[in-house]
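Below, each chain spelled out in residue letters.
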Amino acid sequence: MSRFLSARFADLEAYVPGEQPQDMQYIKLNTNESPFPPAPAVREAINAVEIDRLNLYPDPEGRALREKLADHYGVKLENIFLANGSDDLLNFFFMTFCDEERPVAYPAVSYGFYPVYASLYRLPHTEVPLREDFRLEPEDYCGIGKNIVIANPNAPTGRAIGVDDIERIVRSNPDHVVMIDEAYIDFGGESCLPLVGKYDNLLVCQTFSKFRSLAGGRLGFAIGSPALIEDLDKIKYSTNSYNINRLTMAAAIATIESHEYYVNNSKRIQSNRTYTVEELEKMGFETLPSKANFVFTRCPKVDGGTLYRKLKARGVLVRHWDKPEIADWCRVTIGSRTQMDAFLERVHEIVKEAE
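What you see is a predicted model; the values in this text were computed from it and never measured.

Caption draft 1: Focus on the overall build of the protein chain. Across its full length, the protein chain carries 11 helices and 12 strands. Here the C-alpha radius of gyration of the protein chain, 21 Å, is about what a compact globule of 355 residues would show, namely 20 Å. Expressed along its principal axes, the backbone C-alpha trace of the protein chain runs to roughly 60 × 50 × 50 Å. Taken over 355 residues, the protein chain has a buried fraction of 51%. Contacts spanning at least 24 positions in sequence make up 74% of the contacts within the protein chain whose residues lie at least 6 apart. Only carbon and sulfur atoms are counted for the fraction: they give 48% of the accessible area of the protein chain, which is about 16400 Å². Distance from the positive charge centre (41 side chains) to the negative charge centre (51 side chains) of the protein chain: 3 Å.

Caption draft 2: Representation of the packing of helix H9 (residues 259–282) against helix H11 (residues 337–354). Where H9 contacts H11, the two axes come as close as 10 Å, and the packing angle between them is 10 degrees. By the criterion of interaxial angle, the relationship of H9 to H11 is roughly parallel. In this structure, H9 crosses over H11, and the sense of that crossing is right-handed. Each of Ser271, Asn272, Tyr275, Thr276, Glu279 and Leu280 in H9 lies in contact with H11, whose residues at this interface are Arg337, Met340, Asp341, Phe343, Leu344 and Val347.

Caption draft 3: Local environment of the environment of leucine 195. Of note, leucine 195 is situated in the loop between strand S6 (178–181) and strand S7 (202–207). By relative accessible area, leucine 195 is classed as buried at 6%. Residues leucine 195 and serine 266 lie 71 residues apart in sequence; the distance between their C-alpha atoms is 24 Å. If near-sequence neighbours (up to four positions away) are discounted, leucine 195 is found in contact with Val163, Ile166, Glu167 and Leu202.

Caption draft 4: Representation of the pairing of strand S3 (residues 104–107) within the structure. Looking at chain direction, S3 and strand S4 (residues 125–128) are connected through 4 bridges and run parallel. Directly across from tyrosine 106, in S4, lies its bridge partner glutamate 127. Handedness of the β-α-β unit built from S3, helix H5 (residues 113–120) and S4 comes out right-handed.

Caption draft 5: Up close: the packing of helix H3 (residues 63–73) against helix H8 (residues 246–257). In contact at an axis separation of 9 Å, H3 and H8 are set at 20 degrees when each is read in the N-to-C sense. Taken together, the axes of H3 and H8 lie roughly parallel to each other. Here H3 runs over H8; the crossing is left-handed. In this structure, H3 contributes Ala64, Leu65, Lys68, Leu69 and His72 to the contact, and H8 contributes Met249, Ala252, Ile253, Ile256 and Glu257.

Caption draft 6: Molecular detail of the pattern of salt bridges. Tallied over the entire structure, the rule returns 16 salt bridges. Between arginine 168 and aspartate 165 there is a salt bridge, with the nearest N and O atoms lying 2.9 Å from each other. Residue arginine 168 and its partner aspartate 165 are located together in helix H6 (residues 163–171), separated by 3 residues, close to a single helical turn. Via salt bridges that share partners, Lys310, Arg314, Glu349 and Glu353 belong to a single interconnected network.

Caption draft 7: Layout of the packing of aromatic side chains. Scanning the model with the defined rule gives 20 aromatic pairs in all. Considering the side-chain rings of tyrosine 261 and tyrosine 262, the 4.9 Å spacing of their centres and the 90 degrees angle between planes classify their relative orientation as edge-to-face. When its relative accessible area of 26% is taken as the criterion, tyrosine 261 is described as partly exposed. Overall, tyrosine 262 belongs to the buried group, its relative accessible area being 1%. Linked through ring pairs, Tyr15, Phe93, Phe94, Phe97, Tyr106, Tyr111, Phe113, Tyr114 and Tyr117 together constitute an aromatic cluster. Positioned over the ring face of phenylalanine 294 is arginine 331, at 5.6 Å from the centre of the ring. Of note, arginine 337 hangs over the ring of tyrosine 275, and the distance from its end group to the ring centre comes to 4.0 Å.

Caption draft 8: Looking closely at the nonpolar core. Counting 80 residues, the largest nonpolar core has Leu202, Val318 and Phe343 as its most contacted members. Ranked by the residues each element gives to this core, the list is headed by H11, at 7 residues. Filtering out sequence-adjacent residues up to four positions away, leucine 202 remains in contact with Val170, Val178, Ile180, Cys192, Leu195, Val196, Ile223, Gly224, Ser225 and Leu228. By size, the runner-up hydrophobic cluster in this structure holds 28 residues, among which are Leu89, Ala151, Cys205 and Ile229.

Caption draft 9: Geometry of unusual backbone geometry. Following asparagine 152, the chain continues into proline 153 via a peptide bond in cis, with omega recorded as 0 degrees. Mapped onto the elements of the fold, proline 153 is located in the loop between strand S5 (147–151) and H6. Backbone torsion omega between alanine 155 and proline 156 reads 15 degrees, so that peptide bond is classified as cis. Checked against the element boundaries, proline 156 lands in the loop between S5 and H6. A positive phi angle is found at asparagine 32, which is not glycine, with a value near 60 degrees.

Caption draft 10: Quick peek at the side chain of serine 213. As for its placement among the helices and strands, serine 213 is situated in the loop between S7 and strand S8 (220–224). Overall, serine 213 belongs to the buried group, its relative accessible area being 11%. One polar contact links the side chain of serine 213 to the main-chain carbonyl oxygen of phenylalanine 36, over a distance of 3.0 Å. Ignoring sequence-local partners within four residues, the contact set of serine 213 consists of Ser34, Phe36, Pro37, Pro38, Phe208 and Tyr262.

Cut-off values and rules
Residues numbered from 1 in each chain as written. Predicted model: local features only at pLDDT ≥ 70, side-chain atom pairs only at ≥ 80, totals over all residues. Heavy atoms only, no water. Helix = DSSP H or I, 4+ residues; strand = E, 2+ residues; numbered from the N terminus. Rg over C-alpha atoms; globule rule 2.2 N^0.38 Å. Buried < 20%, exposed > 50% of the residue type's maximum accessible area, 1.4 Å probe, protein only. Contact = heavy atoms within 4.5 Å. Areas by Shrake-Rupley, 256 points an atom, 1.4 Å probe, with all protein chains shown as cover. Lys, Arg positive; Asp, Glu negative; His and termini not counted. Charge placed at Lys NZ, Arg CZ, Asp CG, Glu CD. Axes fitted to C-alpha atoms, helices over the stretch in contact; angles between N-to-C directions. Parallel < 35°, antiparallel > 145°, perpendicular 65-115°, else oblique. Left-handed = near helix turned anticlockwise from the far one by under 90°. Pairing = 2+ DSSP bridges. Right-handed = clockwise from strand over helix to strand, strands pointing away. Salt bridge = Lys/Arg side-chain N within 4 Å of Asp/Glu carboxyl O. Phe/Tyr/Trp six-rings, centres within 6.5 Å; stacked < 30°, edge-to-face > 60°. Lys NZ or Arg CZ within 6 Å of the ring centre and 35° of its normal. Core = buried A, V, L, I, M, F, W, Y, C linked by side-chain atoms within 4.5 Å. Polar contact = N/O pair within 3.5 Å; in protein donor to acceptor, adjacent residues only side chain to side chain.

Here is the structure:
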């Protein structure tokens, strides 16, 4: 830390992204990326014509992309806000709607950026404990009188709650913004987007990084009432008006037009998820029910940290945290069948060593 860092940030604990070591070729099952490339139309969209236009700023409104999203989801242009990945969306949520008078609440075991943003903006915040088996209990948020952000499905657990439960939370907090982070909704969950037309305090956040295979493109979007979108735009135009680059917007439009390609990929991932869970159970693992493109699992014979380190030594990366309540568990991204077979083979070796 330099002597020039603002004192406001001296105690800030930054978010730690999933590791990407370069010392060898790894099977990456630690950052929830899609194992499949973007649709062929995406390659065609990022063409010489678009590259030749890189000397020009992109459309700050992202109008063509927003129109495509509006048509796809059956909403209006003024319901959509674009951001540089869903992390950027979360940043705008915390910056735009939360302050000393409007604190924020989120699950105690969830996406690691929530407490980072709360700390970055010096916000009063409440970390709501999960219940037994890492279940999120909607009643814990009903009438809480705070802004709320909930990942559904949750990360790293993979558990999801129903749209009826989300509606109860939104309806019982009419004077506060509820953001539902649906980064993983397309792997078996049920989106609460239909509720946006009923509630002006609901903001639904999605990403192109997982289901749509554009993690490297950095694109997220939020859908909410026109008033919420106007608030977000006010902050965007006060920070970075050109936050989505030209090539990403071209790729995203082609992605939406190739929707069936990604639906089929999701079905393959869900099939591989079922297969992986069944194979882990044969080796004695306990795995939470998941609606995401990952599973949260533990082995009674090998603690989470040891499993992570031994897999890494064998060329497979999974995600592990040292937080006491989840230290026994590892989060495993669901990749291709070949990747999952390689993972399971190495897990079998590690379990055998422990017996």
